[in-house]
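The residues making up each chain are set out below.
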Amino acid sequence: MAEHAEVRTAGPRLLGRAVIYALLILLAMYYLAPLFVMVSTSVKTLDEIRAGNLIALPAEITLSAWAKAWSSACTGVDCSGLRGNFWNSVSFVVPAVLISTLIGAFNGYVLTMWRFRGSDLLFTLLMIGCFIPFQVVLLPMAQTLGWLGIANSTTGLVFVHVVYGLAFTTLFFRNFYVSVPQEMTKAARIDGAGFFRIFWRIILPLSPPIITVTVIWQFTQIWNDFLFGVVFSSGERQPITVALNNLVNTSTGVKEYNVDMAAAIIAALPTLLVYVVAGKYFVRGLTAGSVKG
Amino acid sequence: MAAEGAIRSPRAGDRNFRFTLIAPSIFVLLLIGIFPLIYLLLVSFQGITMIDNDTSFHGLANYRRLFDDARLWESLLHTLIFTAIALPLELLLGLLMAQLFIDHLPGRQVFVALLVLPVLVAPIVSGATWSLMFDNRFGPINQIFGWITGEEMTLLWTISPELVYPAILTAEVWQWTPFMFLLLLAALSAVDKSQLEAASIDGAGYWRTFFRIVLPAIWPVMAVAILIRGLDLFRLFDVVWALTKGGPGTMTETVSIFTYVRGFQQFEISYTSAVALLIIVLLSVAILTALRRVELSR
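Along each chain, residues carry numbers from 1 onward, in the same order as the chain's sequence is written. For naming, the first written chain is A and the first written ligand is 1, with later ones following in the order written. The model is predicted, so local features are restricted to residues of pLDDT at least 70 and side-chain atom pairs to those at 80 or more, both for listing and for counting; the totals for chains, interfaces and linings are taken over all residues.

**Q** Just checking my understanding: could you explain the interface of chain A and chain B for this structure?
**A** Note: interface size is frequently given as the accessible area lost on complex formation between the parts. With C-beta atoms placed from the backbone, a contact is any residue pair whose C-beta atoms sit within 7 Å. Taken together, the contacts link 75 residues of chain A with 76 residues of chain B. In terms of residue count, helix 14 (residues 257-291) of chain A provides more of the side of chain A that touches chain B than any other element does, 15 residues in total. Side-chain classes follow a simple rule in which Ala, Val, Leu, Ile, Met, Phe, Trp, Tyr, Cys and Pro form the nonpolar group, Asp, Glu, Lys and Arg form the charged group, and the remainder, Gly included, forms the polar group. Its residues assigned to classes, the side of chain A that touches chain B comprises 54 nonpolar, 19 polar and two charged. Each helix is a run of DSSP H or I of at least 4 residues and each strand a run of E of at least 2, with the numbering of both proceeding from the N terminus.

Right, here's the structure in full:
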């Protein structure tokens, strides 16, 4: 684009720039306004919100809405805030992420370094697993959880998310390990190194980038999930996304917009934190998953 | 057996290991691939509802109901409408933004960093935020419309039949255009610069260069992005649920919401199984057609 602009005359170029900047400002408003409203509303008092200008900066900053969202807001009959649900989410997201990443790594390793008859078929079938719509697995999954005796439990949610995430984690690791030269593992095998030895000594030291990508991807996917949470858990066991939705849609009492927004930010914070810590890997995960897949 | 093999040769032991390790995946395949199909097929021929655990053979009764169920076909239509509008919008807007940002504009880094945020937050969080944006009394959207028209606006964005679609689509496009943008920006950055220079020397205009060089180069990424978003839109649930719960009435009810309501709120287990199977068939046909398209165009 820059090259073309240089050939043209100054007039259209200036006009072009003006159009580009006008577009950018519009887009910036569209994208930033909700984020701004979310943050500023959460630190306003309810009186100030009722006065009617949500676009304005807060006149005074208060964290009382945050405190209420965390520990005393009512979702349905329960009035203990989102605290419990936040830790619910942590308690199933962390194991689900770790387990699905670990199994994905082993899968990728086997599917690239220890191929067997039918391994390509297995991989293709796993990829179809990525595309199976949620609606289809809900009923059979509910039945399975019932049979296993882990319905409406943290274990159940871990199970569901591991099962549903494996196709993706396998895809990530398999695509990464494909680019590892086979000579490396062949040489190690001739030297008598076994399956696990090769994994620990050769493959794992190469893996930190893909492990990071996978962990971030799985973390955002599972933390943000709503449908599995609402279907496979109830009451006190619900994840934070479900609790947030209950809070926002509670029809009893006064609608506290500041508490809603504080709760929304609390629900979003862990994924934002992960992004701040390892943002470039998240973008890499998005692109790696699609460019190579 | 495994121990015996391990003693005789390490190779045999390794073979056992790798099958042990791959076993969870095969289990998963069975669990999300084959078992649901069998389960759904079986249950769809029975008559299980909330009050009646009737597992006797009902023949095709549930399937016959499918064809008469206007609410089901409408929910499919709603899903198609959302997809048909949101997907091209997200693609074009994402491409436009990627094109703008491929030039190193001032503030690019900050803007790109902020643009990732919508992709990161949960759709239910985005839904909560947009339901405040569209609030009829205090919402900024009505406020802005008020400034433009000069009179006070109290539009019911999440209730009025003619406003619910624009409202949901605004939130959906807000959240997922950055996804397209990030993928397309990466693809555009990877386009061979020397080809662009050669085209420029040959006097090819902007659009000609775009269609002849840039588009073919980014098409593989674009195709995958379209596929991913298309499939995601097909199971659209969270943002609609947060904004309208499928209402007013069933006006914005998507297939996912329909399945959820029928299966998990009304517990029409057998009928919902038939619906799920119908979805698998429709989706398979759609995906196969799409893949064939992509293959043919290569």
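**Q** Explanation requested: the confidence of the model for chain A in the structure shown.
**A** Caution is warranted with low-pLDDT regions, since their predicted coordinates should not be read in detail. As a per-residue quantity, pLDDT reports the predictor's confidence and falls between 0 and 100. For chain A, per-residue confidence averages 83 on the pLDDT scale, and residues scoring 70 or more make up 90% of the total. For residues 1-8 of chain A, every residue scores under 50 in pLDDT, and the model assigns this stretch twelve contacts once sequence neighbours within four places are set aside.

**Q** What is the right way to read the nonpolar core from this model?
**A** Within soluble globular proteins, side chains that are nonpolar generally end up buried alongside one another. Working definition: the nonpolar core is a set of buried Ala, Val, Leu, Ile, Met, Phe, Trp, Tyr and Cys residues, joined through C-beta atoms within 7 Å. Put plainly, a residue is buried at 20 or more neighbouring C-beta atoms within 10 Å of its own, exposed at 12 or fewer, and partly exposed in between, counting only other residues' C-beta atoms, which are placed from the backbone. Ranked by internal contacts, the top residues of the largest apolar core, which has 142 residues, are Leu82(A), Leu244(A), Ala263(A), Ala264(A), Ala267(A), Val125(B) and Leu184(B). Those residues in contact with Leu82(A) that sit more than four places away from it in its chain are Ala69(A), Trp70(A), Ala73(A), Ile240(A), Ala243(A), Leu244(A), Ala263(A) and Ile266(A).

**Q** What exactly am I supposed to notice about unusual backbone geometry here?
**A** Glycine aside, the phi torsion of most residues is negative, and most peptide linkages are trans. Residues and elements named next belong to chain B. Not every positive phi belongs to a glycine, and lysine 245 is a case in point at roughly 55°. Inspection of the secondary structure puts lysine 245 in the loop between helix 11 (238-243) and helix 12 (255-265). By C-beta crowding, lysine 245 is classed as partly exposed, having 16 other C-beta atoms within 10 Å. Notably, phenylalanine 267 is not glycine yet its phi reads approximately 50°, a positive angle. As for its placement among the helices and strands, phenylalanine 267 is situated in the loop between helix 12 and helix 13 (269-297). Here phenylalanine 267 falls in the partly exposed class, since 13 other C-beta atoms lie within 10 Å of it.

**Q** Even after reading the chapter, I still don't get the environment of Leu111(A), so can you show me in this structure?
**A** All names here are of chain A. Within the secondary structure, leucine 111 sits in helix 5 (residues 83-113). Since 24 C-beta atoms lie within 10 Å of it, leucine 111 is described here as buried. Spatially, the C-alpha atoms of leucine 111 and tyrosine 177 are 8.9 Å apart, while their sequence positions differ by 66 residues. Filtering out sequence-adjacent residues up to four positions away, leucine 111 remains in contact with Ser119, Phe123 and Arg174.

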